[in-house]
Amino acid sequence: MSGNWWIGDFYPTCLKTTDFEICHAVHKSGQYWQPHFHKIATEYNYLIRGRMLIHNKEIKPGEIFILKPYEIANPVFLEDCEITVLKVPSIKNDKYPV
């Protein structure tokens, strides 16, 4: 698949669609993640395992956080984390580094 992304408007994928993207992300404790935002897409994130900070709020397993267009994603991974991400819609080149 394309990184950890497995459904969306990219190749390879197990389901090609412009409606949404799905990802199962794994991040190590302390891992740097390039801050970015989307101009069109909204991300719905479900933390499966670990603890992290996003927008100065601690997120724990079982919690959901939403990143709307123009909101900067700048996570801090306090522990090893697993996250399921649903991004709506699947738009190519809609990721802007900060």
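Described below are features of the structure shown in this document. Here the structure is a predicted model, which is why all the values come from computation and not from measurement.

### Examining the sheet that holds strand β6 (residues 57-59)
Consideration 1: One open sheet accounts for three strands, arranged β6-β5-β8; its pairing is antiparallel. Each edge of the sheet is formed by a strand with only one pairing partner; in this case those strands are β6 and β8 (76-77).
Consideration 2: Relative to β6, strand β5 (residues 52-54) runs antiparallel, the two being bridged by three bridges. When the sheet's bridge partners are listed, M52 is paired in β6 with I59.

### As for the pattern of salt bridges
Consideration 1: Tallying each qualifying case throughout the model produces five salt bridges.
Consideration 2: What emerges from the salt-bridge pattern is a single network uniting R51, E58 and E79.

### Some thoughts on the nonpolar core
Consideration 1: Counting 13 residues, the largest nonpolar core has L47, M52, I54, I59, F65 and I83 as its most contacted members.
Consideration 2: Listed by contribution, the elements that provide at least two residues to this core are β2 (21-27), β5, β7 (64-67) and β9 (81-88).
Consideration 3: Beyond its immediate chain neighbours, meaning those up to four positions away, L47 contacts M52, I59, K60, P61, G62, E63, C81, E82 and I83.

### Comments concerning a nonpolar patch on the surface
Consideration 1: A contiguous nonpolar surface patch, about 580 Å² in accessible area, is contributed by Y44, Y46, I48, I64, I66, L86 and V88.
Consideration 2: Of all the elements, strand β4 (residues 42-49) adds the most residues to the nonpolar patch, at three residues.
Consideration 3: Note that Y44 resides in strand β4.
Consideration 4: Classification of Y44 as partly exposed rests on a relative accessible area of 36%.

### Comments concerning the pairing of β7
Consideration 1: A one-sided burial pattern is seen for β7, the buried positions being F65 and L67 and the unburied ones I64 and I66.
Consideration 2: Bridge count between β4 and β7: four bridges; the pairing is antiparallel. Considered in β7, the bridge of E43 is made with L67.

### What about the side chain of E21?
Consideration 1: Residue position: E21 is located in strand β2.
Consideration 2: Among the polar contacts listed, one links the side chain of E21 to the side chain of S90, at a separation of 2.8 Å.
Consideration 3: If we skip the residues at most four places from it in the chain, E21 touches W5, I7, G8, F10, V85, L86, K87, S90 and I91.

Definitions and cut-offs
- Residues numbered from 1 in each chain as written.
- Predicted model: local features only at pLDDT ≥ 70, side-chain atom pairs only at ≥ 80, totals over all residues.
- Heavy atoms only, no water.
- Pairing = 2+ DSSP bridges.
- Helix = DSSP H or I, 4+ residues; strand = E, 2+ residues; numbered from the N terminus.
- Salt bridge = Lys/Arg side-chain N within 4 Å of Asp/Glu carboxyl O.
- Core = buried A, V, L, I, M, F, W, Y, C linked by side-chain atoms within 4.5 Å.
- Buried < 20%, exposed > 50% of the residue type's maximum accessible area, 1.4 Å probe, protein only.
- Contact = heavy atoms within 4.5 Å.
- Patch = residues over 30% accessible without salt bridge, like charges linked within 9 Å, V, L, I, M, F, W, Y side chains within 5 Å.
- Areas by Shrake-Rupley, 256 points an atom, 1.4 Å probe, with all protein chains shown as cover.
- Polar contact = N/O pair within 3.5 Å; in protein donor to acceptor, adjacent residues only side chain to side chain.

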